[in-house]
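# Overview (structure and organization)
Residues per chain are reported as follows:
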Amino acid sequence: MKPITTFLWFDDNAEEAADYYVSLFPDSRITQVKRYPQASEKVSGKPAGSVMLVDFELNGMPFTALNGGEIAGFTFSPATSFVLKCEDQAEIDRYWAALSAVPEAEQCGWCTDKFGITWQVVPTILFELLNDPTKTEKAPPHFCP
């Protein structure tokens, strides 16, 4: 088991989100689905037998998605995001198209998907450019001009 697992709290679409993410990334899979037991229905408000937790891996990294119900004032925010390093423009375009819920409203490599998760879809070379001020290459189109 990996020492750190990313945990994502959803109202009621944890399984849908996990299925979607697993379909996008290589070396990804659902590892376990746990359902709410009968005894927890009064406490959780979730029907017995409905999906409670989905354990999954993206590129071999562990994640857990919880259908924990709505919490007033709670939403995902760009304060926490996933950086997705891409090797070329084709890979950037593929992930951008799949992950960006509103492409025309997003820029600089940052996008938010249909579940509210923020992603930074960036070229691998960006990190080299940021560390070497003598580099003159331009960033790909989905990055800041």
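Summary of the structure given here. The structure presented is a predicted model; accordingly, all values stated were derived computationally and were not measured.

### Considerations on the packing of aromatic side chains
Two aromatic rings, taken as a pair, are described by how far apart their centres are and by the angle between their planes. Enumeration over the complete set of coordinates arrives at 12 aromatic pairs. On the basis of an interplanar angle of 25 degrees and a centroid distance of 5.6 Å, the ring pair of Phe25 and Trp119 is categorised as stacked. Placement of the pair is Phe25 in the loop between helix H1 (14–24) and strand E2 (29–35) and Trp119 in strand E7 (residues 118–123), with a sequence separation of 94 residues. Classification of Trp119 as buried rests on a relative accessible area of 5%. Above the plane of the ring of Tyr95 lies Arg94, whose end atom (NZ or CZ) is 4.2 Å from the centre. For the cation-ring pair, Lys114 lies above Tyr20, with the distance from its terminal atom to the ring centre recorded as 4.2 Å.

### A look at the sheet that holds E2
The 4 strands lie next to each other as E1-E4-E3-E2, forming an open sheet whose pairing is mixed. The outermost strands of the open sheet, each flanked by one partner alone, are strand E1 (6–10) and E2. The average undirected angle you get between the axes of adjacent strands in this sheet is 20 degrees. Relative to strand E4 (residues 61–67), strand E3 (residues 51–58) is paired through 6 bridges, and the arrangement is antiparallel. Note on E4: the bridge partner recorded for Glu57 is Pro62.

### A closer look at empty space enclosed by the protein
All chains considered together, the criterion is met by 1 cavity of 30 Å³ or more. In this model, the largest cavity occupies a volume close to 30 Å³. Lining the largest cavity are Leu8, Tyr21, Phe56, Leu58, Phe63, Phe82, Ile117 and Trp119. Residue composition of the lining of the largest cavity, grouped by class: 8 nonpolar, no polar and no charged.

### Looking at helix H3 (residues 89–99)
Here H3 has its buried residues at Ile92, Tyr95, Trp96 and Leu99. Each buried residue of H3 sits inside an arc of 105 degrees when the element is viewed along its axis, so together they form one side. In H3, the exposed residues that point more than 90 degrees away from the buried face are Ala90 and Ala97. Here the buried face of H3 lies against H1, strand E5 (81–86), strand E6 (110–112) and E7. The distance from a side-chain oxygen at the start of H3 to the backbone nitrogen of Ala90 is 3.3 Å, and the residue carrying that oxygen is Asp88.

Quick notes on the rules
Residues numbered from 1 in each chain as written. Predicted model: local features only at pLDDT ≥ 70, side-chain atom pairs only at ≥ 80, totals over all residues. Heavy atoms only, no water. Phe/Tyr/Trp six-rings, centres within 6.5 Å; stacked < 30°, edge-to-face > 60°. Helix = DSSP H or I, 4+ residues; strand = E, 2+ residues; numbered from the N terminus. Buried < 20%, exposed > 50% of the residue type's maximum accessible area, 1.4 Å probe, protein only. Lys NZ or Arg CZ within 6 Å of the ring centre and 35° of its normal. Pairing = 2+ DSSP bridges. Axes fitted to C-alpha atoms, helices over the stretch in contact; angles between N-to-C directions. 1 Å grid on protein atoms, 1.4 Å probe; cavity = no way out; pocket = protein on both sides within 12 Å on 5 of 7 lines; lining within 4 Å. Points joined across faces, edges and corners; volume = space filled by probe spheres on them. Nonpolar A, V, L, I, M, F, W, Y, C, P; charged D, E, K, R; others polar. Arc of directions from axis to C-beta. Contact = heavy atoms within 4.5 Å. Polar contact = N/O pair within 3.5 Å; in protein donor to acceptor, adjacent residues only side chain to side chain.

Function cannot be read off these values alone, since they describe shape.
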